[in-house]
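Overview (structure and organization)
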Amino acid sequence: MRQFLYSFIFTVLTCSSLYAQKDIKVEGKVVEEGSNIPLEYATVTFKSKPDNTVVDGGITDANGYFSVEIPSGTYDIAVEYISYKAKNYLNKTINESIDLGTVSLALDIESLSEVEIVAERTTVEIKLDKKVYNIGKDLTTAGGTVSDALNNVPSVSVDIEGSISLRGNENVRILINGRPSALAGFGDTNVLSQLPADAIERVEVITSPSARYDAEGTAGILNIILRQKETLGFNGSFNFTIGNPDNIGLNANLNYRTEKFNLFSNLGWRYYDAPRFSFNDVTYFDRIVDGETVVPEYRRIREDQDVERLNRNYNANVGIEYFLSEKSSITGSLFYRLGSDADLSLNRSERFNGGAIVEETLRREKETEQDNSYQISINYVKEFGDDSDHRLTADFQYENDAEEGFTFLNEDYITTDQTDPEPFQIEQEITTEDQKEYLIQADYVLPIGEDSRFEAGYRGTFENELTDYRLEQEDIDTGQLIVNDTITNIFDYDENVNALYSQYGTKFGKFSFLLGLRLEHTQLKGDINSRLTDEELVEAFGFPIQTEFDNNYLGLFPTLNVIYNLGSDDSDSEESITFGYNRRINRPRGWFINPFPTRSSRTNIFQGNPNLQPAFASAFDIGYLKRWDKLTLTTSVYYQHETQSFERVQENTGQQTTDGIDIIRTIPINLSTNKRTGAELGVLYNPEKWLRLNTSFNFFQFETDGEFNNVDYSAKNTSWFARFSSKITLPAEIDWQTNAFYRGARQDAQSDTDGLFSIDLAFSKEMFNNSLTVSLNVRDLLNSRKRQSVTTTEFFERYNESQWRPRQINLSLIYRFNQQLKKRDRNGRGDGDNNGDEDFEFEG
């Protein structure tokens, strides 16, 4: 008892003495070696000697400073920061306050390499309303475009003409950083083929969108999140690409970040030659008109078109994010794109009767186009209290796109059986398009307890598209060009959408759900300024059209998303089941409505339909996720019922060219109902650091029911597509990647389309401590990415073969500087779409 009392008194006196002595202050500053950039959150640890126990420590502030009070004694001092080599001061006796001065830490290259291996892997995260594919280091898209990168995302396919589809459905909405954007084009996905692939951070595949998102797009939404560096100081990268066919590109990504602001920019220039070809072989059948048989002027016509496309594109995206405080920031950005295109099309036409060529012509089309567009964006974020999920965001965006196009067309006889053939008219087309769009948006997120969240918001988009088209045709007698005022027109189109939404999400036990409701008012307004009367329009286009319309639609769009976590807390794997329901709308775009036909071919035209109405769809989705240490399995089944769905049909117009050839048109119509059923499977397998495998399979069936102009277009279409990707690290640390894609044959009401197979191949090597990457890739190695189809109607049968882009070989050099892992966590701001799903996500 006495011994215990003595020990207790000794301990109290010792602790009191130590506490009394703990008035020695050790100060200093931690920076990065070379750049002298302050390192925030670096740790400073003091271990007493000789027992080597930790006495005290601290972390650096935003400016890299630290200050720690310790008792006098002898210590080992360690200064550490993740991915940097630690600095140690051994057996340092401290009897008075001292300043260690500036402590410089050097990068740990080996540590950085380990982190890079993880970053190269493509991963999938399952959230309540979406799948998030974090794009790994995809070698096959080095020097490529956003469209190339999207074609490697599961569930997504990009056809030979650049059209993007989700689960086989082209009615997909494209967003950039959670918002409609000029970067994605005004409904024209071909713009994505002008933006560099390395600008993508991740792609969110949203097949069951929550109420937060636009109801537009019956297939769902693809949300492309662009890279925005969070590394302190000045950093960036340069990307140079050269390829065949001609493809030269230079892209710079430059960023400067401090604790108060972040300057970011992406600048690019690209020149490329994208030749394409198409072949049409049409056989015409006899027609019965008013009880009499009408024999076509030519029984068979073959058209062989080759197009040389020279494109020069400049794009710039610059902005600044300014941190008003620890809880608020404002971001302003400017995007600008200038495109200059020069196309030359040669269309050789052969006309047959009795199995022999009776006439052959050559149609030349020279087209130049200037595209000048810009976008101004302002984003404000305000967080409340200590919870970063309690926030208010506000956005304003203005976009303007101006296009000027000039086309010169002429056609000459090569051979003919006519004794005195009538010469073809020279034609000139002058088109100007001016598109403007305003976006105003506000979102409020309120956490309720630890596991619940309420959200509400407003979004308004106001778009105007003005198209001025003028056709000038040669007067054969005088040789002068005269305006054809029956086809010349001005089309003024407005699409205004106002939306309010609210949603509530919570988690209880293993269940998480997100329930929302969105109210949208849509105004589709158009005015066609043409000299033609209503009767003349009917005679010219074959059906009554509205030259002036103002259609308004008010719709409710409910959404429900549920996750049930099957895994246990002590399990090494994750397992979950998801269910989603949502209602969607598909609004007709401007070129689908403009009834004045294209004129690149005299005999095959595309014509818009101003009578088109929006399509509505209800979609259901059930998904399953299972993740092990090296293997991730995702699968889902889905069903969608769409009313007033769009369908392109081909028909004989009943009109003929001046030399007696029947004119066939393609026109979009509301074809009653469309039922879609499908299933998909995805596997990510990383058995070793040097081997990564990725495969996906999607099977779907479309069933349409409807008629147009007394023709039944009901049909059932079953198809599928699959992709496989492997990435192997060879000796000398050379990466080898192979991507294979196959899309099965498919059918619709009038056409049968053959299957399509393509392979992409790439090799890559990191050099100079991973600061330089050299990549060589070949897209469409077998030059097999061609579409072949047969269309059969009552009046004709047409075989079509086309290739949008031939095999492409690219060599890319990417140089990076100061891209160390020194990110400061500013509560996740920066991607424009962080609205608080984090509590409900399961990563794969």
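Going by the structure above, here's the rest.
About the criteria used
Residues numbered from 1 in each chain as written. Predicted model: local features only at pLDDT ≥ 70, side-chain atom pairs only at ≥ 80, totals over all residues. Heavy atoms only, no water. Helix = DSSP H or I, 4+ residues; strand = E, 2+ residues; numbered from the N terminus. Buried < 20%, exposed > 50% of the residue type's maximum accessible area, 1.4 Å probe, protein only. Contact = heavy atoms within 4.5 Å. Areas by Shrake-Rupley, 256 points an atom, 1.4 Å probe, with all protein chains shown as cover. Salt bridge = Lys/Arg side-chain N within 4 Å of Asp/Glu carboxyl O. Pairing = 2+ DSSP bridges. Axes fitted to C-alpha atoms, helices over the stretch in contact; angles between N-to-C directions. Core = buried A, V, L, I, M, F, W, Y, C linked by side-chain atoms within 4.5 Å. Polar contact = N/O pair within 3.5 Å; in protein donor to acceptor, adjacent residues only side chain to side chain. Phe/Tyr/Trp six-rings, centres within 6.5 Å; stacked < 30°, edge-to-face > 60°. Lys NZ or Arg CZ within 6 Å of the ring centre and 35° of its normal.

The helix and strand tally for the protein stands at five helices and 50 strands. Buried positions account for 52% of the 844 residues belonging to the protein. Looking at the protein alone, contacts between residues at least 24 apart form 69% of all its contacts between residues at least 6 apart. Roughly 37400 Å² of accessible area belongs to the protein as shown, and the carbon and sulfur atoms make up 54% of that amount.

Here N244 and P245 are connected by a cis peptide whose omega angle stands at -5°. Tracing the backbone shows P245 in the loop between strand 15 (233–244) and strand 16 (247–257). In this structure, N783 takes a positive phi of about 55° despite not being glycine. Tracing the chain through its elements places N783 in the loop between strand 46 (772–779) and strand 47 (787–792).

A few words on the pattern of salt bridges. Close approach of charged atoms allows side chains with opposite charge to pair. One pass over the full model with this rule turns up 24 salt bridges. Of the charged contacts, one joins D371 and R337 as a salt bridge, the two residues approaching to 3.7 Å between their closest N and O atoms. With D371 in strand 23 (residues 356–384) and R337 in strand 22 (residues 328–353), this residue pair connects regions lying 34 residues apart in the sequence. The pair formed by D371 and R337 is uniform in burial state, with each residue classed as buried. Of the charged contacts, one joins R391 and E383 as a salt bridge, the two residues approaching to 3.2 Å between their closest N and O atoms. You can call R391 buried: its relative accessible area is 5%. Look at E383 and you get buried, because its relative accessible area is 1%. Through salt bridges with shared partners, a single network forms among D214, E216, R459, R518, E520 and R587.

Let us look at the pairing of strand 36 (residues 662–670). Across the nine residues of strand 36, nine count as buried, placing the element largely inside the fold. Here strand 36 shows two buried faces, one formed by D662, I664, T666, P668 and N670 and the other by I663, R665, I667 and I669. Summarising the sheet, strand 32 (residues 604–606) and strand 36 pair through three bridges and their orientation is parallel. Residue pairing for strand 36: F606 is matched across the bridge by T666. Pairing between strand 35 (residues 646–656) and strand 36: eight bridges, direction antiparallel. Considered in strand 36, the bridge of F646 is made with N670.

The mixed open sheet is built from three strands, whose spatial order is 4-1-7. In the strand order of this sheet, the two ends are held by strand 4 (65–70) and strand 7 (98–105), each with one partner. Going across the sheet, the axis of each strand differs from the next one's by a mean of 25°, ignoring polarity. Bridge analysis of strand 1 (residues 24–32) against strand 4 gives six bridges, and the strand direction is antiparallel. Within strand 4, the position partnered with G28 by the bridge is F66.

We now examine the nonpolar core. Grouped together as the largest cluster of nonpolar side chains are 19 residues, with contacts concentrated most on V26, V30, F46, F66, I70, I94 and L105. At the level of elements, strand 1, strand 2 (43–48), strand 4, strand 5 (73–80) and strand 7 are the ones that each hand at least two residues to this core. F46 has contacts with V26, T53, V54, V55, D56, G57, V68, I70, Y75, D76 and I77, leaving out every residue within four places of it along the chain. V153, V156, V203 and L226 belong to the second largest nonpolar core, which has 18 residues in total.

Within the secondary structure layout, H390 lies in strand 24 (residues 387–416). Taking the relative accessible area as the measure of exposure, H390 reaches 18% and is therefore buried. Along the sequence, H390 and P447 sit 57 residues apart, while their C-alpha atoms lie 5.9 Å from each other. Among residues more than four places away in sequence, those in contact with H390 are K382, E383, F384, Y444, V445, L446 and P447. Among the polar contacts listed, one links the side chain of H390 to the side chain of Y444, at a separation of 2.8 Å.

Tallying each qualifying case throughout the model produces 25 aromatic pairs. The interplanar angle of 70° and the centroid separation of 6.5 Å between the aromatic rings of F384 and Y444 together place this pair among those described as edge-to-face. With a gap of 60 residues between them, F384 in strand 23 and Y444 in strand 25 (residues 427–448) connect regions that are remote in the sequence. Given the relative accessible area of 28%, F384 is considered partly exposed. For Y444, a relative accessible area of 29% gives the class partly exposed. A ring pair is formed by F721 and F741, whose centres lie 6.1 Å apart and whose planes are at 35°; its orientation type is tilted. Placement of F721 in strand 41 (residues 715–730) and of F741 in strand 42 (residues 734–743) is noted, with a sequence separation of 20 residues between them. A connected cluster of aromatic rings, assembled from ring pairs, spans Y504, F508, F511, F513 and Y564. Over the ring of F702 we find R676; its NZ or CZ atom is 4.9 Å from the centre of that ring.

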